[in-house]
Amino acid sequence: MATAPQLSRRTFAQLLGMGAGAALLAPVQGRGGEERLAAWARGEWRPAKLLPKESANLVLLNSNENPYGPSPAALEAMVEAHSVSMRYPDYWADQLQERLAAFHGVDPEMAVVTCGSTEVLKLAAMAFLAPGRRLVVPRPTFEAMGYYARLAGAEVVEVPVGPDYRSDLAALARTARERPGLVYLCNPNNPTGTLVSAAAVREFLTGVPAESVVLVDEAYYHYPDDPGYGTLLEAVRAGRNVVVARTFSKIYGMAGLRLGYGIARKDWIEKMRPHQVIESWNVMACAAALASLEDTDYVNRNRRLNQEVRDALAAAMKKRGREVIPSQTNFVCIHVGAPVRPVIQAFREQGVSVGRPFAGLEEHIRVSLGTPEEMEKFLAGFDRVMASAAARRI
Ligand SMILES: Cc1ncc(COP(=O)(O)O)c(C=O)c1O
């Protein structure tokens, strides 16, 4: 695959001015699959906009998606998978389960292939929570876990993040010791974009009762550049009380295909699996996932592009005197100094969709990192929205 040229770190205009961004972003319209793949290899392709009418002209920086879409290898695999789309997906899901297990060095019985990684969260809630048991979560964090816990009849206990916006592991462990249940640790955390180091999580595990289930959501696993960061898969391999959730929705660019997976001890996977919808997989997603796992160039390229855009956005905000929460993910929280709901609405009126409001971040917007071109539009909208906020029209 062609490697993406290095991008400047100063402004998005400069990023685009170097030609690299512009070439990368040039839409290739009306071409067939093969030509599109070749265009991708030349760094000239971007996904077609097949979006609902109301969002067709919006810059979508609201759901932490990968703006470049799936890997060319995944696209090719999906084209091939059309020929087996009349078949039920068991064979493909089995293949993927085996491949994921080999990829992570665990037995196949320790892996469950799911409809997005949110399904892992749901399976864990159904298997390990019930009335009288409780879920302990940081606040703020990804809300789906709390939602499924309440569905299971469990109490949800929120532990505020620390002053540096990192999950407060000591407080989480203390709270978990009060009553057995499930502890959810999103690492790096959504929406703060912060992480806790692998060493700190290992220490945290020693402070959590062995009968508690610790679900570590590694949806953003591929994005951090902090050397202290690491997966908790080694704890699973060591037989610890940990479930790791991963997704193909983020760096693999497959959010619309719905594919995730969980890795945990065999007996826990056996407890979780019966709560799945029967045949909840699909052959397209499985084929795309199998191909994506092999395309490490693609993952590295996306990580690099994301870091460059993240650095450029941080620099642009610094120039404007705006505080950002240092991010290790593909989204950034920016302090806007005004109540967030009307600010989100004002961005929408500027053609930019930013993230939803989060409890505990009343004056921050969460902005997903798009292409340099999209971030240019975001910055133009940001200046207009902040000017009206300053004029107290927000
Ligand atoms: C932390 C976290 N986990 C899981 C998900 C959902 O992923 P999936 O699309 O795999 O269900 C998201 C989506 O934004 C997320 O932020």
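Residues numbered from 1 in each chain as written. Predicted model: local features only at pLDDT ≥ 70, side-chain atom pairs only at ≥ 80, totals over all residues. Heavy atoms only, no water.

Visitor: Quick one: what's the story with the packing of helix 5 (residues 90–104) against helix 12 (residues 283–294), residue by residue and with numbers?
Guide: The contact between helix 5 and helix 12 brings their axes to 9 Å, and the two run at 25 degrees. If you check the angle between helix 5 and helix 12, you find them roughly parallel. Classified by chirality, the crossing of helix 12 by helix 5 is left-handed. Here helix 5 contributes W92, A93, Q95, L96, R99, L100 and F103 to the contact with helix 12, which in turn contributes V283, C286, A287, A289, L290, L293 and E294. Residues that form the contact of helix 5 with helix 12 fall into these classes: 11 nonpolar, 1 polar and 2 charged. (Axes fitted to C-alpha atoms, helices over the stretch in contact; angles between N-to-C directions. Helix = DSSP H or I, 4+ residues; strand = E, 2+ residues; numbered from the N terminus. Parallel < 35°, antiparallel > 145°, perpendicular 65-115°, else oblique. Left-handed = near helix turned anticlockwise from the far one by under 90°. Contact = heavy atoms within 4.5 Å. Nonpolar A, V, L, I, M, F, W, Y, C, P; charged D, E, K, R; others polar.)

Visitor: Pulling in residues and values, what's your account of the packing of aromatic side chains?
Guide: Under the counting rule described, the total for this entry stands at 10 aromatic pairs. Residues Y91 and W92 carry aromatic rings whose centres are separated by 5.6 Å and whose planes lie at 85 degrees to one another, so their mutual orientation is edge-to-face. Classification of W92 by relative accessible area gives partly exposed; the value is 21%. In textbook terms, an aromatic cluster arises when at least three aromatic residues are bridged by ring pairs, as seen for F248, Y252 and Y261. (Phe/Tyr/Trp six-rings, centres within 6.5 Å; stacked < 30°, edge-to-face > 60°. Buried < 20%, exposed > 50% of the residue type's maximum accessible area, 1.4 Å probe, protein only.)

Visitor: For the site of the ligand, give the residues involved together with the corresponding values.
Guide: With respect to spatial proximity, 14 residues lie near the ligand, and among them S117, T118, Y220, T247 and S249 are the closest. Here an oxygen atom of the ligand sits 2.4 Å away from a polar atom, N or O, in the side chain of T118. Between a nitrogen atom of the ligand and a side-chain N or O atom of D217, the distance comes to 2.7 Å. In isolation the ligand offers 390 Å² of accessible surface; the protein chains occlude 92% of this area. When grouped by side-chain class, the residues that make up the shell around the ligand number 5 nonpolar, 6 polar and 3 charged. (Near = heavy atom within 4 Å. Polar contact = N/O pair within 3.5 Å; in protein donor to acceptor, adjacent residues only side chain to side chain. Areas by Shrake-Rupley, 256 points an atom, 1.4 Å probe, with all protein chains shown as cover.)

Visitor: Could you give an account of the nonpolar core, naming the residues involved and the relevant values?
Guide: Within the largest apolar cluster, 57 residues are counted, with the highest numbers of intra-cluster contacts made by L96, F204, V242, F248 and L259. Residue contributions to this core peak at 9 residues, all from helix 12. Two domains each put at least three residues into this core: domain 1 (12–64 + 296–390) and domain 2 (76–294). Setting aside residues up to four positions removed in sequence, V242 forms contacts with L205, V214, V216, L232, A235, V236, I263, A264 and W268. A124, F128, A144 and Y148 belong to the second-largest nonpolar core, a separate cluster that totals 28 residues. (Core = buried A, V, L, I, M, F, W, Y, C linked by side-chain atoms within 4.5 Å. Domains from an automatic or database assignment.)

Visitor: Help me get a handle on unusual backbone geometry, residues and values and all.
Guide: A negative phi angle characterises most non-glycine residues, just as the trans form characterises most peptide bonds. Going from N187 to P188, the amide bond is cis rather than trans, its omega being 0 degrees. By the secondary structure assignment, P188 is in the loop between strand 5 (181–186) and helix 9 (198–206). Residue P191 follows N190 across a cis peptide bond; omega there is 15 degrees. The topology assignment puts P191 in the loop between strand 5 and helix 9. A positive phi angle is found at R258, which is not glycine, with a value near 60 degrees. With respect to the helices and strands, R258 occurs in the loop between strand 7 (242–247) and strand 8 (260–263). Among the residues examined, R258 registers a relative accessible area of 32% and is labelled partly exposed. Backbone geometry at E279 places phi at a positive 60 degrees, although glycine is not the residue there.

Visitor: Please give an account of helix 8 (residues 169–178) that cites residues and values.
Guide: Turning to helix 8, its buried residues number three or more, namely L169, A171, L172, A173, T175 and A176. Elements that come into contact with the buried residues of helix 8 comprise strand 3 (134–139), strand 4 (155–160), strand 5 and helix 9.

Visitor: Can you tell me about the environment of E279, naming the residues and giving the values?
Guide: On the secondary structure map, E279 appears in the loop between helix 11 (266–272) and helix 12. When its relative accessible area of 28% is taken as the criterion, E279 is described as partly exposed. Residues E279 and Y88, 191 residues apart in the sequence, show an inter-C-alpha distance of 7.5 Å. With residues up to four places along the chain from it excluded, the contact list for E279 reads Y88, P89 and D90.

Visitor: Give a description of the sheet that holds strand 9 (residues 324–325) that names residues and reports values.
Guide: Spatial ordering of the open sheet is given by 9-10-12, a layout of 3 strands whose pairing is antiparallel. Each end of this open sheet is capped by a strand with a single partner; those strands are strand 9 and strand 12 (364–368). Of the strand pairs in this sheet, strand 10 (residues 331–335) and strand 12 are connected by 5 bridges, and their pairing is antiparallel. Bridge pairing links H335 to H364 in strand 12. (Pairing = 2+ DSSP bridges.)

Visitor: How would you explain the sheet that holds strand 5 if you had to name every residue and give the values?
Guide: With mixed pairing, 7 strands are arranged side by side in an open sheet as 2-8-7-6-5-3-4. Every other strand in the sheet has two partners, leaving strand 2 (111–114) and strand 4 as the edge strands with one partner each. For this sheet, the mean inter-axis angle between neighbouring strands, taken without regard to orientation, is 20 degrees. Inspection of the sheet shows strand 2 paired to strand 8 by 4 bridges, in the antiparallel sense. Bridge pairing in strand 8 places T114 opposite G260. Against the sheet, helix 9 contacts strand 5, strand 6 (213–217) and strand 7, and its axis sits at roughly 170 degrees relative to strand 5.

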